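# Structural description and commentary
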Amino acid sequence: MIRVEHINKTFQVARRNSGISEAFKALFHKEYECVKALDDISFTIDEGEMVGYIGPNGAGKSSTIKILSGILTPDSGSCQINGRTPWKERIAHVRDIGVVFGQRSQLWWDVPVIDSFELLRDIYSIPMKKFKENLDELVTLLNLEEIIKTPARQLSLGQRMRCEIGASLIHSPKILFLDEPTIGLDAVSKIAVRNFILDMNKRHKTTVILTTHDMQDIEALTRRIILIGKGKILMDGDLESMKKGSSVDEVVVELYKKYEI
Amino acid sequence: MKLYYKYFLIHLKSIFQHKASFLLTTIGQFLVSFNVFLGVYFMFLRFNKVNNFTYSEVLLCFSIVLIQFSLAECFARGFDTFSSTISNGEFDRIMVRPRNEMLQVLGSKIEFTRIGRILQALIMFIYGIMKSNVTWSYGRIFTVVFMIIGGTVVFTGIFIIYAALCFFTIEGLEFMNIFTDGAREYGKYPVSIYGKIVLQICTFIIPFALVQYYPLLYVLGKSHNEGYIFFPILGCGFIIPCYLFWKFGIRHYKSTGS
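Residues numbered from 1 in each chain as written. Chains lettered and ligands numbered in written order. Predicted model: local features only at pLDDT ≥ 70, side-chain atom pairs only at ≥ 80, totals over all residues.

Chain B appears in an unreviewed UniProt entry as ABC-2 type transport system permease protein from Mobilisporobacter senegalensis.

An unreviewed UniProt entry annotates chain A as ABC-2 type transport system ATP-binding protein originating from Mobilisporobacter senegalensis.

Set out below in structure tokens:
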């Protein structure tokens, strides 16, 4: 259960015009501009729900995920996840969550994937029996049998992403944050990843929060979408009721136009 | 501690994947510091003494500093390269794992190639012992051990400060090298030769002299103050303000866009 109330977050961004003289000026006097990354964000997500969190680049999706996963501290507002405030009780909180950053790897580059999994077992202090069960399940569902003994650097992107998702779920988290999990994947891998996420949600009632630019992901996985633009939540609702026959892509373009983002 | 051991193992496994690269870097490390050794050697062909320290005494001092620095670099390399850990987003990953951040940063990098430099320092150390006429007693042996431990801790502390600064800005931190690589280079000679002011800075601000100059005096028999044996242990206290500064910095962590 996730409850987010009135979260605000601003970043300072250094700005200067192009050109060497401007660069020189910036040496002595930097001009900062405050950018409101998140502006009064509130929502609640129930246990076992799958939510698509969408919006254009720079809208504040990643910042939200980072606050929910305890990486960033917001300027104001409150957030309760399973009764905890992420940035105050970071260690207790992150035991219950899994995070996949689509663009970054969490596997140890030079060693076979199984070694990474075993190190994760120690990091999360998972009991041996539980670890074996989870590993068996993940290996079967994600079809990792063949690749788990290969060093991560030699895997293809699709294979690696399957391992990344496996690595994020090895400690059986209650909540899974997926930040663009299908970016750059081919059709077969995409569908494999989607089916797996659906499956995990059904089996373990894992709450899934998904950010993506791929509308097929949204269509395949979630019923509810939250639309964010320029740091504000613009819409929070049921996908089906908005579609009315048109495709998801069209719906989203329509929404972006309507809110001028 | 158990987790650190596991990190240790995974780095060892990585090395086995790249044997040639490991060997070459290790040999490189060995040769680089051998060069510095030659520098000291040629200088002493011209001068017999530097500020009352003979060639072999300087060698002892230099080799101990080199061991301290290499050990710190071997184990605390994660802090030394922390700016890249932040800029490539690795630190986000550390934050979503349920373990102490410092332990994870320590475990993120272990630089085994520094063995090359430690080996070179050991050779120099043994050579220095044979040449200098130090009569070894338990007290002196302990002092050397304390010096190595204390020095490793002090250098680690400097690396931690450097890393904590990265929470505020990633650019323009090269000046910190004065305290890391610089301290190693200047540490060749007992701090006293640089004058009183430097000695005081190195005693009270960055306790470098506590792990180098004072205990060295005792080892070489230039001073009989037995308190100097424990000065390196005192120097270890440096890690506490470093740790607090790190804790302060982590609250300012801003992450990078993705």
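Structure's up, so let's keep going.
## With respect to the overall build of chain A
Along the backbone of chain A there are 10 helices and 9 strands. In terms of overall size, chain A behaves like a compact globule, its C-alpha atoms giving a radius of gyration of 20 Å where 261 residues would be expected to give roughly 18 Å. The C-alpha extent of chain A, read off along each of the three principal axes, is 55 × 50 × 40 Å. The proportion of buried residues among the 261 residues of chain A is 39%. Taking the intrachain contacts of chain A between residues at least 6 apart in sequence as the baseline, contacts between residues at least 24 apart amount to 71%. (Helix = DSSP H or I, 4+ residues; strand = E, 2+ residues; numbered from the N terminus. Rg over C-alpha atoms; globule rule 2.2 N^0.38 Å. Buried ≥ 20, exposed ≤ 12 C-beta atoms within 10 Å, placed from the backbone. Contact = placed C-beta atoms within 7 Å.)

## Points about the sheet that holds strand S7 (residues 207-211) of chain A
Residues and elements named next belong to chain A. The sheet built from 6 strands is open, its strands ordered S5-S6-S7-S3-S8-S9 with mixed pairing. The sheet is open, and its two borders are formed by strand S5 (97-101) and strand S9 (232-238), each paired with just one other strand. For this sheet, the mean inter-axis angle between neighbouring strands, taken without regard to orientation, is 15 degrees. Where strand S8 (residues 224-229) meets S9, 6 bridges bridge the pair, whose relative direction is antiparallel. Across the sheet, the residue bridging to Ile 228 is Ile 233, located in S9. Helix-sheet contacts for helix H2 (residues 61-68) involve strand S3 (50-54), strand S6 (175-179), S7 and S8, and the interaxial angle to S6 is about 155 degrees. (Pairing = 2+ DSSP bridges. Axes fitted to C-alpha atoms, helices over the stretch in contact; angles between N-to-C directions.)

## Considering the interface of chain A and chain B
With 27 residues of chain A in contact, the opposing surface of chain B contributes 20 residues. Within the residue set of the side of chain A that touches chain B, elements represented by two or more residues are H2, helix H3 (90-94), S5 and helix H4 (113-123) of chain A. At 4 residues, H4(A) tops the list of elements feeding residues into the side of chain A that touches chain B. Residues belonging to the side of chain A that touches chain B are distributed by class as follows: 14 nonpolar, 6 polar and 7 charged. (Nonpolar A, V, L, I, M, F, W, Y, C, P; charged D, E, K, R; others polar.)

## Let's talk about the packing of helix H1 (residues 2-17) of chain B against helix H6 (residues 101-108) of chain B
All names here are of chain B. In the contact formed by H1 and H6, the axes pass within 9 Å of each other and the chain directions differ by 20 degrees. In terms of orientation, H1 and H6 fall into the roughly parallel class. Seen along the crossing, H1 lies across H6 with a hand that is right-handed. Residues Leu 3, Tyr 4 and Tyr 7 of H1 lie in contact with H6, whose contacting residues are Leu 103, Leu 106 and Gly 107. Its residues assigned to classes, the contact of H1 with H6 shows 5 nonpolar, 1 polar and no charged. (Parallel < 35°, antiparallel > 145°, perpendicular 65-115°, else oblique. Left-handed = near helix turned anticlockwise from the far one by under 90°.)

## Observations regarding the pairing of S7(A)
Residues and elements named next belong to chain A. Buried residues dominate S7, accounting for 5 of its 5 residues. In S7, alternate side chains face the same way, and those of Thr 207, Ile 209 and Thr 211 on one face and Val 208 and Leu 210 on the other are all buried. Where S3 and S7 come together, 4 bridges link them in parallel fashion. Looking at the pairing, Tyr 53 lines up with Thr 211 of S7.

## Re the packing of helix H3 (residues 55-80) of chain B against helix H8 (residues 138-165) of chain B
Residues and elements named next belong to chain B. The interhelical angle for the contact between H3 and H8, taken along N-to-C directions, is 35 degrees, at an axis separation of 8 Å. You can see that H3 and H8 cross each other, and the crossing is right-handed. Each of Ile 64, Val 65, Ile 67, Gln 68, Phe 69, Leu 71, Ala 72, Ala 76, Phe 79 and Asp 80 in H3 lies in contact with H8, whose residues at this interface are Val 144, Met 147, Ile 148, Gly 151, Thr 152, Phe 155, Thr 156, Phe 159, Ile 160, Tyr 162 and Ala 163. Considering only residue class, the contact of H3 with H8 consists of 16 nonpolar, 4 polar and 1 charged.

## Notes on unusual backbone geometry
Residue and element names in this part refer to chain A. Even without a glycine there, the phi angle at Asp 40 is positive, about 55 degrees. You can see Asp 40 is positioned in strand S2 (residues 31-45). On the basis of neighbour count, Asp 40 is assigned to the partly exposed category, with 14 C-beta atoms found within 10 Å. Even without being a glycine, Glu 180 presents a positive backbone phi close to 50 degrees. Positionally, Glu 180 belongs in the loop between S6 and helix H7 (187-204). Judged by C-beta crowding, with 19 C-beta atoms within 10 Å, Glu 180 ranks as partly exposed.

## A closer look at the sheet that holds S2(A)
Residue and element names in this part refer to chain A. Strand order in this open sheet of 3 strands is S2-S1-S4, and the pairing throughout is antiparallel. In the strand order of this sheet, the two ends are held by S2 and strand S4 (76-81), each with one partner. Averaged over neighbouring strand pairs, the angle between their axes works out to 30 degrees when direction is ignored. Sheet topology places strand S1 (residues 2-15) next to S4; 5 bridges connect them, and they run antiparallel.

## Notes on the environment of A:Thr44
By the secondary structure assignment, A:Thr44 is in strand S2. In this structure, the C-alpha to C-alpha distance between A:Thr44 and A:Ile2, residues 42 residues apart in sequence, is 5.4 Å.

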